Amino acid sequence: NVDAEGQKYSYYRTESEGSKIDNVVAQGKIKIETADNAGGLFGYIAENTKVHNSRLIVNESAGSLIKANNNIGGIVGELHGVLEQCAVEHDEAKQAEYDALILDNYVERSYDNLFNKTEGYAYYVVSVGGLAGTSEDGVILDSYVKVNVIQKQAYIAGGIVGYTQG
């Protein structure tokens, strides 16, 4: 249960009284590459950390790309805290174009792949998610993803979270 009035997540290990990160936006040419966890904004968000009102704005023409070999997410690679009112989407012009195509039931589109595995590693990516690659006892509230989550060399993939536990 979530008690929004008291801002305490009673059934989770995360409480919003811990550290808070607010209104972080990354956009433009974003390239992140690591051997472990990677996210568009954070590699790892610990317990008692709340990220609020933050976004990754993907610019396909700039060639945005997030590469890792463990957990890859649009906002965070590995989540143990709280994401609230966070989003991963295309820049405004491209998002409007894609939204119009969806409304017109046009399905033959090509997409840049935002998520990829780090070069030179033989093993597969463990998990990929639109907001978080993996979430263990994490909380996600009022958040959305408007990009495709494509990574053919991932064991687990999900539109919001690749792997969740707790």
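Being a predicted model, the structure only gives us computed values, none of them experimental.

## A few points about the overall build of the protein
Thought 1: What the protein contains, in helices and strands, is one helix and 19 strands.
Thought 2: The buried share of the protein, taken over its 166 residues, is 44%.
Thought 3: Partitioning the intrachain contacts of the protein with sequence separation of at least 6 by distance along the chain shows that 81% fall at a separation of at least 24.
Thought 4: As displayed, the protein offers around 8600 Å² of accessible surface, 46% of which is attributable to carbon and sulfur atoms.

## Points about the pattern of salt bridges
Thought 1: Counted according to the given criterion, the structure contains two salt bridges.
Thought 2: In this structure, Lys50 engages Glu84 in a salt bridge whose closest nitrogen and oxygen atoms are separated by 2.7 Å. Pair noted here: Lys50 is in strand β6 (residues 49-52) and Glu84 is in strand β11 (residues 82-84), with a separation of 34 residues, a long-range link. Each member of the pair Lys50 and Glu84 is classed as buried.
Thought 3: A salt bridge links Arg55 to Glu89, with the shortest nitrogen-to-oxygen separation between them at 2.8 Å. In this pair, Arg55 sits in strand β7 (residues 55-58) while Glu89 sits in strand β12 (residues 87-90), placing the two residues 34 residues apart along the sequence.
Thought 4: Given a relative accessible area of 31%, Arg55 falls into the partly exposed group.
Thought 5: A relative accessible area of 9% means that Glu89 is categorised as buried.

## Here's the deal with the sheet that holds β12
By definition, the strands of a sheet pair up through backbone hydrogen bonds, in either a parallel or an antiparallel sense.
Thought 1: Read from one edge to the other, the open sheet built from four strands follows the order β2-β7-β12-β17, with strand pairing classed as parallel. Two strands lie at the open edges of the sheet, namely β2 (25-28) and β17 (144-145), each paired on one side alone.
Thought 2: Both β2 and β7 contribute to a ladder of four bridges, which runs parallel. Within β7, the position partnered with Ala26 by the bridge is Leu56.

## Examining the environment of Asn71
Thought 1: Checked against the element boundaries, Asn71 lands in strand β9 (residues 71-73).
Thought 2: For the pair Asn71 and Ile156, spaced 85 residues apart in the sequence, the C-alpha separation amounts to 9.5 Å.
Thought 3: Among the polar contacts listed, one links the side chain of Asn71 to the side chain of Asn37, at a separation of 2.8 Å.

Here is what the cut-offs are and how they apply
- Residues numbered from 1 in each chain as written.
- Predicted model: local features only at pLDDT ≥ 70, side-chain atom pairs only at ≥ 80, totals over all residues.
- Heavy atoms only, no water.
- Helix = DSSP H or I, 4+ residues; strand = E, 2+ residues; numbered from the N terminus.
- Buried < 20%, exposed > 50% of the residue type's maximum accessible area, 1.4 Å probe, protein only.
- Contact = heavy atoms within 4.5 Å.
- Areas by Shrake-Rupley, 256 points an atom, 1.4 Å probe, with all protein chains shown as cover.
- Salt bridge = Lys/Arg side-chain N within 4 Å of Asp/Glu carboxyl O.
- Pairing = 2+ DSSP bridges.
- Polar contact = N/O pair within 3.5 Å; in protein donor to acceptor, adjacent residues only side chain to side chain.

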